[in-house]
Each structure stands twice: as structure tokens, then as C-alpha cells.
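One letter stands for each residue in the lines below.
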Amino acid sequence: MRVRKFRFDRPQQIAALLLLFLASQSVWVIDHRALTPRDYQYARCGREMWERPSPLAGYFTSCGNLQDGTLAYRAAGLPLTAARIVFGLSRETSTWEMRHVVTFIPLLLSLPFLLAGLGLGGALWWVARRLYGNAGGYVALALYCCCPEVVRACSAPNNEILAAFGLYAAVYTAIGVAHAMHGPLLKWRPRIVLLIACFGFTAAAHVSAVLLAFLLGACFMIYLAVGRRAFLLPVALITAVGTLLLLFASYGFRPDPFSYVFRGGAGRMWFSLEHLRALFSLRGDTGLAGAGITLAVLAALVLFAGSRRSRYFGNTAPLLVSALLLPLVTTGVVSEPWLWAMPFLLTFVGGVFADALETVYRRTFLVATGAILLVQAGLSLASLGAMSN
């Protein structure tokens, strides 16, 4: 199989600078934010999973009923467990006590979630650039890196940024598999393996997210795999079995805690318009920090409705996913599905703006787009103080 040579040209360099901007904001918040009891809970539970899971009924005693997945706990605990080993500390040393030896505990605790946020940003840029060209990739990634709620999710242990990353990767990998099914069988296999990995990652982060990924992935694959739909059922079965095995592995192959996947209520969902106000970060602690994103979304919706050239599958698919996720509420556990919708919504914005930048009004749209991005970047920087409290 021919391996493509990795390139780091001007587009990749600009994307890297935007991701560096996101990383800088997140690190600033991490450095100025005091650890909360919730952070210590993630650390305690995650370390127990890696260091000394209870043999009693195969249960993680410090974690309670893990209804929202193990991935965030394992991600939070792994760097701390590694640091404990490197510094020669006892297993009995609590994370609170480790602070006196390992001074960068807050960074270690938040690092996996920062990396997940950067990975999601990289995936967003890669998808948007392949679909819409450099302009679409830049717009989508710039808005993502200037979103205060993304910065917040990258700065503390949580399942939401992991679920968002997994769901976005799973949906677009499913689309990629559907496209590959029109080619030789040899090209299917690596994509199906990647699809299983994406679904397993998503399931370990949040059960509701993987259920949505299966639903959305199946719908898009049925739509795209014209003439190849007979192969969808075996692909779905292989993916489902592989996902369950990876999810079981995330529970340390322990049946009792794994059983909460099916009886814990994490998959219960409903819809509520009250949660839409959280989408654009129009909340009390950050004020109007998402005003630039709000304006960009409204402009994209107007352009999409008024321009026939923007109404094609590449733009419509992320808009439909966003419309499903934005009003979604998980009634079994506390989560933020609107954050899962953010990369899809920004993909839509990037696509519509890229179409507008190819019209005769390119210069006007370019100035307007630049102004929106600059305003949103300024608002994001201004909100860092509120996020560190």
C-alpha cells in the first residue's frame, strides 16, 4: 500500500498556529484555575482504575456508578499514575499529597483533555479543508479555536470533549467508509478498522454519543453506498462487535461495572429548546463571549437558505447533525450534547463561507469574515479570566 508523504506546507502551518492559540488559552486557564473537588474525583477514580481496581465484584470502589463512561477517568488518572511511578511515590499517596512533589499536577490532570481538544480541532480542519478547500478549513478551525466553551472543555477533566471528538470522527469515518465501498475491497479494511476504533473511543466516553454515532453513521452510509448497500449489514455487525469489545476493555474486562452501560440510564435522551442558549456561550459567567460564533452561524444560515450553490451534501450533512444534537438532552446523566454539535456546526459554517468567498463578492465576504474572526478572538481572550474562576 502506498503511503502518502506527510507535508507541512503553508496550510498546515496556519492550522498549527491556530491550534497553538487554542493550546495557549487552555494552558493559561489551567495555570490560573484552582483544582475543584470534581477534578480530584476524576483523579482518584482514574488512578484506582490503573493502580488498584477492587477485586470485590470487579468494581471500581471510588468511582460510583460509571454511567457516563470510563474514558475521562482513565485519561485523567494515567498521567498521575505515570508521575507517581517516575517520582517513586507510594500507591497510598493521594493526588492532594502529590502536589507537594509534583508541582504541575493541574497540567498533568488536564493534559489528555487538551490533547483531545487539539485532536478534534485537527480533525475539523482536515475534514473542512478536504470538503471546502483552505478557506473553509481556516474559517472552521479559527472559530473553533476561539470558542470559549471549547477552551473550557480543554482545561479540565470531562467526558464532553472526548465524546465530541469521538462522535465527529465516527460520523465522518462512516462517511469515508461509504465512499470507499465504491472502490476495491482492499481499501475497505483499514477504514473499517479505523471506524471500529472511533466507535470504541466514543462508547468509552459516553454511551449516548455512540448511539447517536451509530444512528447518524448508518443513515449516511445508506444514503451514500448506492449499489453497495448489501454490504452494510456485515460492516455494521463487525463494527458493533468490535465496539462492544473495546468498551468492555475500557472497564478492565470487569462484568459488574460494565453492566451499568445497559442498566445505568446513560443512553436515555430527549429534546429541549431550553438548552439552545448554551450553544453560543451566552451564559452568565462568560457573557457574550460567543457573539462572533453566533453571528457567523446566523450569516451561514442566511447564505445557505439564499444560495443554491451552498445546498449540497457536504454542507447539508453537518447542518442536519447539528439540528439533531443542539436540542438534545441526556436525561440519565448530566452532559452537554450541544458541545458535541459544535464541530459539525462549524464545519457547516466553514463550508458556506467558503462558497461565499468564491463569488463575485469575494472581497466583501473576506473583510466581513476577517472582522468576525477578529471579534471572536478578542471575546475569547477577554473571557479567560471568567473561566479561571
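Draft legend 1. Molecular detail of the overall build of the protein chain. Each helix and strand counted, the protein chain has 17 helices and two strands in total. Its C-alpha radius of gyration of 21 Å places the protein chain within 12% of the 21 Å reference for a compact globule of 389 residues. With the C-alpha coordinates of the protein chain rotated into their principal frame, the extents come out at 65 × 55 × 45 Å. Counting over 389 residues, the protein chain shows a buried share of 53%. A separation threshold of at least 6 residues defines the contact pool for the protein chain, and within that pool the share at least 24 residues apart is 78%. Split by element, the accessible area of the protein chain, about 18100 Å² in all, is 68% carbon and sulfur. Side-chain charges in the protein chain split into 32 positive and 16 negative, and the spacing between the mean points of these groups amounts to 13 Å.

Draft legend 2. Representation of the state of the cysteines. If you walk through the whole model with that rule in mind, you get zero disulfides. We note that Cys154 lacks a disulfide partner, and the nearest cysteine sulfur, in Cys145, lies 8.8 Å from it.

Draft legend 3. Structural context of the layout of surface pockets. Roughly 520 Å³ of internal volume is contained in the second largest pocket. Forming the boundary of the second largest pocket are 25 residues, of which Arg38, Ala156, Pro157, Asn158 and Glu336 lie nearest the centre. Of all the secondary-structure elements, those providing two or more residues to the lining of the second largest pocket are helix H2 (37-51) and helix H6 (148-153). Counted by class, the lining of the second largest pocket contains nine nonpolar, seven polar and nine charged residues.

Draft legend 4. The arrangement of the pattern of salt bridges in detail. Per the counting criterion, the structure on display carries five salt bridges. Across the salt bridge formed by Arg309 and Glu358, the nearest N and O atoms sit 2.9 Å from each other. Placement of the pair is Arg309 in the loop between helix H13 (291-306) and helix H14 (313-325) and Glu358 in the loop between helix H15 (337-356) and helix H16 (362-382), with a sequence separation of 49 residues. Owing to a relative accessible area of 52%, Glu358 belongs among the exposed residues under this scheme. One continuous salt-bridge network, built from bridges that share partners, spans Arg47, Glu51 and Arg84.

About the criteria used
Residues numbered from 1 in each chain as written. Predicted model: local features only at pLDDT ≥ 70, side-chain atom pairs only at ≥ 80, totals over all residues. Heavy atoms only, no water. Helix = DSSP H or I, 4+ residues; strand = E, 2+ residues; numbered from the N terminus. Rg over C-alpha atoms; globule rule 2.2 N^0.38 Å. Buried < 20%, exposed > 50% of the residue type's maximum accessible area, 1.4 Å probe, protein only. Contact = heavy atoms within 4.5 Å. Areas by Shrake-Rupley, 256 points an atom, 1.4 Å probe, with all protein chains shown as cover. Lys, Arg positive; Asp, Glu negative; His and termini not counted. Charge placed at Lys NZ, Arg CZ, Asp CG, Glu CD. Disulfide = S-S within 2.5 Å. 1 Å grid on protein atoms, 1.4 Å probe; cavity = no way out; pocket = protein on both sides within 12 Å on 5 of 7 lines; lining within 4 Å. Points joined across faces, edges and corners; volume = space filled by probe spheres on them. Nonpolar A, V, L, I, M, F, W, Y, C, P; charged D, E, K, R; others polar. Salt bridge = Lys/Arg side-chain N within 4 Å of Asp/Glu carboxyl O.

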